[in-house]
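Fold and contact review
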Amino acid sequence: MSAPGVSRLAAVLVLVAAWVTTTHAAQTMDDPFSMVREEQTVTAALKRPQPISETPSSVTVITAAEIRANGYHTLGEALRWVRGLTVTYDRNYYYLGVRGLQRPGDYANKVLLALDGHTLNGNVYGDAYFGADLGLNLEDVERIEVVRGPGSTLYGSYAVLAVVNVVTRRPRSEPGVSVGGWGGGAREGRGYASVASARPGQPEWRISGSWLNARGADLYFPEYDQPSSLAGRAIGLDGESAVGFLGTAEWSGLRLAAKFNDRRKTIPTGSFGTVFGDPRNMTWDGHDFIELAGTRQVADEVELHGRAWWDGARYRGTYVYESDSARVVNLDVGEGDVLGTEWRANWSAGRHSAVTLGLEGQLHVRAHLKNYMADPYYLYYDQDLKSRVGAVYLQDETRFANGIRLTAGARLDGYSRYEPVVSPRLDLVWRVAPGTTWKVLAGSAFRAPTPYESDLYGTYGPPGTSTLSPERVASLETSIERTAGAFTAIASVYGSRVHDLIDLVAVDSLGNTEFQNRAQVDSRGVEGELQFIASAATRVRAALAWQLSRDHETGTELSNSARWNAHLVATHAPLAGPWSLGFGARYLSPRITLAGQRTAAAAVADARVAHRFAHGLTLGIEAKNLFDARYGDPGSEEHAQGQIVQDPRTLYLTVTLHARAAR
């Protein structure tokens, strides 16, 4: 799209917001929709609760009602329906792209993923899980907060493009016992159970478990269409199994949380040059943590928050190769352990100022990378790395009498292996009229190279000789948000520049690759969203986004970067009514593959209908890809396929039972 085209689109979005404003100029504080709107708070943007309209960020919240009414099974499924976000699936992992940026092989490490504020990015690959590898059933989720833009001022590394914070349900909001089951798709079965207690004067606790077992779809890949490769057909090779556990306990200002999960996935794509069709090609993943956190009000103006944690990331891969007419098994290992603590003080420095001061320390006690052939044994590498991270951050939010809020802050991260990094932010939120908010958001973020990138593939030479440096992003965004009656309109224009982008590039004609700091990448775009709330039970959200991401030096458009992204989500989920309905339709324009070709546009619709019976029993029917659209996502360097085929139409039957127990 040309610059004049962008200007016209931006003008249209601003006029839509202005139209909503002028047609409801007489709105007063007695807004009849205020009770059903129930403006949500978000905690991820400032590490403390704040209404969305006052948050110095571009935020989307996916509610529990939307999750259940639309039948989202995984976090990746839910995030497909967020403005400006794209989710890519390579038949093994889900990858999240934000506003046109998602590089092949980056394992979604430019997005910080958190569970109740606990960072879930692994310390070996920086990877963020969005599928069954996360080990989280969405029945446990109260809401999903998506905070776009740089977030390193409070979170440090990984918060380059966005922060995704998953907020789980508290014990007091849960029935005593809940069980559920899902069946359908390609011989897929899921189960879920939870127990919660919240008796007055006693500790509140909640534990839940989930499991998944799926045969997977039968797939066809024309790149392998030859007799020696099963004519390109992967039959029964897309299977997946997973188990997960989540537990929390709260008592007297303290909170203990623990998560453990295990997931195994067979790989049908023949990635990394493995033997296509061998059922032994698979990965095993897990991400566990234990965290103890507490909050104390030490004075009327000062609140202290502290937490300490252990975090463990686990990955093992089994890959089968052809060698001298015999098949050999390669084992790939990536495991890491982190001990960390954070201490934060929130100080109300007067009626119009809120100051946040924080200290954070992490000890990466292990980042183990190992690769070897099993029989005959041959070791390629075996590294066990250690590192330290220390950080201090300060942020101030000042409120002025004319409805202006100014947020300014910075964070200093010190790494034992890299130079210190400073991440500043400066945001202005102006309530220009009742229901109308104008935001100007500016900030910088960074991501430190992971051990996988710097110590293994950082240079085409001996391990540990990398000269990789952290990648940086600077971003500027302005938006106007108008709420009037049942409608909320949002128009946003943004631009960002990534410096020293860490990317996987070829180094010779033999196919060898390494991670390097590339030159600059520029991204700009325009987004618009319209929300309609007819009642507390009925909500509609429609969004349209355009973006363009290019290499700054060559002007080449980035691969896997859709220019147009649109969706419509409708939810009807009354608390007392017997029926709930969910429908969604999304569109993704063609994307460039690594081979320079373009994928077909993706136009996909999902639907779900459910009926609640007596005694807490609910039956539902779900259809994913309702109209059986055929499309693919661009493959990464490890794939022979330029495109990875996505799931056809699949149907599910769901059963849930909620039994309220005495508390």
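Summary of the structure given here. Every value quoted in this text rests on a predicted model; they were computed, and no experiment measured them. (Residues numbered from 1 in each chain as written. Predicted model: local features only at pLDDT ≥ 70, side-chain atom pairs only at ≥ 80, totals over all residues. Heavy atoms only, no water.)

We now examine the nonpolar core. Core analysis: the largest hydrophobic core is formed by 62 residues, its most contacted members being Leu79, Leu96, Leu113, Phe130 and Ile144. Discounting chain neighbours no more than four positions away, the residues touching Ile144 are Thr60, Val61, Ile62, Ile67, Leu75, Ala78, Leu79, Val164 and Asn165. Of all hydrophobic cores here, the second largest spans 16 residues; its members include Val42, Ile52, Val61 and Val147. (Core = buried A, V, L, I, M, F, W, Y, C linked by side-chain atoms within 4.5 Å. Buried < 20%, exposed > 50% of the residue type's maximum accessible area, 1.4 Å probe, protein only. Contact = heavy atoms within 4.5 Å.)

Here the focus is the pattern of salt bridges. Counted by the stated rule, this structure contains 50 salt bridges. For Arg447, the salt bridge is made with Glu453, and the minimal N-O distance between the two is 3.1 Å. Residue classification places Arg447 among the buried positions, given a relative accessible area of 0%. With a relative accessible area of 2%, Glu453 lands in the buried category. It is possible to trace a salt-bridge network through shared partners that takes in Lys47, Glu291, Arg307, Glu342 and Arg344. (Salt bridge = Lys/Arg side-chain N within 4 Å of Asp/Glu carboxyl O.)

An order of E3-E8-E9-E6-E7 is seen for the five strands of this open sheet, with the pairing classed as mixed. The two strands at the open ends of the sheet, each matched to only one other strand, are strand E3 (58–63) and strand E7 (118–119). Of the pairings in the sheet, the one linking strand E8 (residues 141–148) to strand E9 (residues 162–168) comprises seven bridges and is antiparallel in character. Each residue of the ladder has a partner; that of Ile144, found in E9, is Val166. (Pairing = 2+ DSSP bridges. Helix = DSSP H or I, 4+ residues; strand = E, 2+ residues; numbered from the N terminus.)

Attention shifts here to unusual backbone geometry. The omega angle of the peptide bond from Asp375 to Pro376 is 0 degrees, so this bond is cis rather than trans. Assignment of secondary structure puts Pro376 in the loop between strand E20 (353–373) and strand E21 (378–399). A positive phi angle is found at Asp500, which is not glycine, with a value near 55 degrees. Tracing the sequence through the fold places Asp500 in the loop between strand E26 (487–499) and strand E27 (502–506).

The next point concerns the side chain of Lys259. Within the fold, Lys259 resides in strand E16 (residues 254–266). For the buried residue Lys259, which engages in no salt bridge, the nearest side chain bearing the opposite charge is Asp288, 5.4 Å off. Separated by 2.7 Å, the side chain of Lys259 and the backbone oxygen of His287 make a polar contact. In contact with Lys259, other than residues within four places in its own chain, are Leu115, Leu120, Leu134, Phe245, Leu246, His287, Asp288 and Phe289. (Lys, Arg positive; Asp, Glu negative; His and termini not counted. Polar contact = N/O pair within 3.5 Å; in protein donor to acceptor, adjacent residues only side chain to side chain.)

Quick look at the packing of aromatic side chains now. One pass over the structure, following the stated rule, counts 18 aromatic pairs. Their ring planes at 90 degrees and their centres at 6.1 Å tell us that Tyr415 and Phe446 sit as a pair that is edge-to-face. Of this pair, Tyr415 sits in strand E22 (residues 404–415) while Phe446 sits in strand E24 (residues 436–447), placing them 31 residues apart in sequence. Take Tyr415: its relative accessible area is 19%, and that puts it in the buried class. Summarising the aromatic geometry, the rings of Tyr452 and Phe515 are spaced 5.7 Å apart at their centres and angled 70 degrees between planes, so their arrangement reads as edge-to-face. (Phe/Tyr/Trp six-rings, centres within 6.5 Å; stacked < 30°, edge-to-face > 60°.)

To continue, consider the pairing of strand E11 (residues 188–197). Of all the ten residues making up E11, eight are buried; the element is thus mostly covered by neighbouring parts of the structure. In this structure, strand E10 (residues 177–184) lies alongside E11, joined through eight bridges in antiparallel fashion. For Val177, the partnering residue across the bridge sits in E11 and is Val195. Hairpin connection of E10 to E11: three residues between the antiparallel strands, including Gly185 at a positive phi of 60 degrees. Here E11 folds back onto strand E12 (residues 204–214) in antiparallel fashion, the turn holding six residues, of which Gly201 has a positive phi close to 75 degrees.

Here the focus is the environment of Ala543. Among the secondary structure elements, Ala543 is positioned in strand E30 (residues 538–551). Judged by relative accessible area, which is 8%, Ala543 ranks as buried. Those residues in contact with Ala543, other than ones at most four positions away along the chain, are Arg83, Gly528, Glu529, Asn565, Ala566 and His567.

As enumerated under the stated definition, the model contains 14 cavities of 30 Å³ or more in all. As a volume, the largest cavity reaches approximately 550 Å³. Lining the largest cavity are 35 residues, and of these Asn123, Tyr158, Gln362, His364 and Val389 sit closest to its centre. Elements supplying a minimum of two residues to the lining of the largest cavity: E7, helix H5 (152–155), strand E18 (302–323), E20, E21 and E22. Among the residues forming the lining of the largest cavity, the class breakdown is 14 nonpolar, twelve polar and nine charged. Lining the second largest cavity are 20 residues, with Ser57, Arg148, Gly149, Pro150 and Arg425 positioned closest to its centre. Broken down by secondary-structure element, the contributors of at least two residues to the lining of the second largest cavity are E8, H5, strand E23 (421–433), E24 and strand E25 (471–484). (1 Å grid on protein atoms, 1.4 Å probe; cavity = no way out; pocket = protein on both sides within 12 Å on 5 of 7 lines; lining within 4 Å. Points joined across faces, edges and corners; volume = space filled by probe spheres on them. Nonpolar A, V, L, I, M, F, W, Y, C, P; charged D, E, K, R; others polar.)

This paragraph deals with the pairing of strand E29 (residues 521–533). The side chains of a regular strand alternate between the sheet's two faces. Sheet topology places E26 next to E29; twelve bridges connect them, and they run antiparallel. Note on E29: the bridge partner recorded for Ser492 is Glu527. Bridge count for E29 against E30 is 13 bridges, and the pairing is antiparallel. Along E30, the bridge assignment pairs Ile533 with Arg539.

Scope: geometric values only; no functional claims are made or implied.
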